[in-house]
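Here is how the chains run, residue by residue.
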Amino acid sequence: MTVAAALPEGFRLYSGLLDRPAQQGLANAVQDLLARAPVYHATMPKSGRPMSVAMTNAGRLGWYSDRAGGYRYVERHPQTGRPWPAIPAAALAVWRQVAGYPHDPECCLVNLYRDAAKMGLHQDRDEAALDAPVVSISLGDDALFRLGGTSRGGATRSLKLASGDVLVLGGAARLAYHGIDRILPGSSRLIAGGGRINLTLRRVTQPH
Ligand code: MD6
Ligand code: FE
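A quick note: this is a predicted structure, and the numbers were derived from the prediction, not measured.

1. Some points on the side chain of Arg203
- With respect to the element layout, Arg203 can be found in the segment after strand E12 (196–202).
- Among the polar contacts made by the side chain of Arg203, one reaches the main-chain carbonyl oxygen of Asp104 at a distance of 3.1 Å.
- Residue contacts for Arg203: discarding those within four places in its chain leaves Trp95, Tyr101, His103, Asp104, Pro105, Glu106, Glu127, Ala129 and Ala132.

So this is what it looks like as structure tokens:
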């Protein structure tokens, strides 16, 4: 028998917060973004192995990783050298609705999952503003999200994230381990070319 971990304080899942037209509008805005800031495969700090998830960013700061520099935030697209496009207005509106934080996010990480892409168990801890929550918006195919506690190796539980769901990791859940075990390919037709897009909104620096 396995015992499911209790949901930590500060974990909030807004199922279906975005209805289908809102999902479509945001997906269209993301397509525009991808045309200006193409996705790339970041590489792991030590091994140099490419992540299976394709990424890009919007906002003043973008999350990036490569073998030489490790996990970090950068002001420019690593391949085009241009500043990141603005965060889509509809994504900003979601943050303002659910974050409970008095400042706007600085980063909107765009994760694109096709077919067998997944994301290993991790903590989001590259930000100075750990008092701000991380807000994520799921679009397209369903995904199996794994949520653990704040220490590696603790009990975890699996949750299905569907298109239009909004997840908040704040408070005690801000540093919870989490990842994507897999997506369910073909479960949605929202994303051109298929797959899943997750937008993760973060405050990176402490406002002063
Ligand atoms: C994903 N999400 O859903 C990956 N991080 O594709 C995350 O890594 C994540 O959903 C922090 C807060 C919410 C998240
Ligand atoms: Fe994360």
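2. Overview of helix H2 (residues 89–98)
- Among all positions of H2, only Ala91, Leu92, Val94, Trp95 and Val98 are buried. On an axial view of H2, the arc spanned by its buried residues comes to 155°, and they lie on one face. Exposed and facing more than 90 degrees away from the buried side of H2 are Ala89, Arg96 and Gln97.
- If you follow the buried residues of H2, they end up packed against strand E1 (11–14), helix H1 (20–36), strand E7 (134–140), strand E10 (166–169) and E12.
- Positive phi appears at Gly100, one or two residues downstream of H2, with a value of about 65°.

3. Thoughts on the sheet that holds strand E8 (residues 143–147)
- Here 4 strands make up an open sheet; going across it, the order is E6-E11-E8-E9 and the pairing antiparallel. Pairing within the sheet leaves two strands with one partner each, and these edge strands are strand E6 (119–122) and strand E9 (157–161). Strand-to-strand twist in this sheet, taken as the mean axis angle between neighbours without regard to direction, amounts to 25°.
- Across 5 bridges, E8 lies against strand E11 (residues 178–183) in antiparallel orientation. Pairing of Ala143 across the sheet is with Ile183, part of E11.

4. Here we look at the coordination of the iron ion (ligand 2)
- All of the protein donors around the iron ion (ligand 2) are His122 (NE2), Asp124 (OD) and His178 (NE2); their distances to the metal are 2.1 to 2.2 Å.
- On the primary sequence, the residues serving as donors to the iron ion (ligand 2) are separated as H-x1-D-x53-H. Residue Asp124 is found in the loop between E6 and E7, and its partner His178 is found in strand E11; the two are separated by 54 residues along the sequence.
- According to the relative accessible area criterion, Asp124 is buried, its value standing at 7%.

Rules used in this analysis
Residues numbered from 1 in each chain as written. Chains lettered and ligands numbered in written order. Predicted model: local features only at pLDDT ≥ 70, side-chain atom pairs only at ≥ 80, totals over all residues. Heavy atoms only, no water. Helix = DSSP H or I, 4+ residues; strand = E, 2+ residues; numbered from the N terminus. Polar contact = N/O pair within 3.5 Å; in protein donor to acceptor, adjacent residues only side chain to side chain. Contact = heavy atoms within 4.5 Å. Buried < 20%, exposed > 50% of the residue type's maximum accessible area, 1.4 Å probe, protein only. Arc of directions from axis to C-beta. Pairing = 2+ DSSP bridges. Axes fitted to C-alpha atoms, helices over the stretch in contact; angles between N-to-C directions. Donors = N, O, S within 2.8 Å, 3.2 Å for Na, K, Ca; no water.

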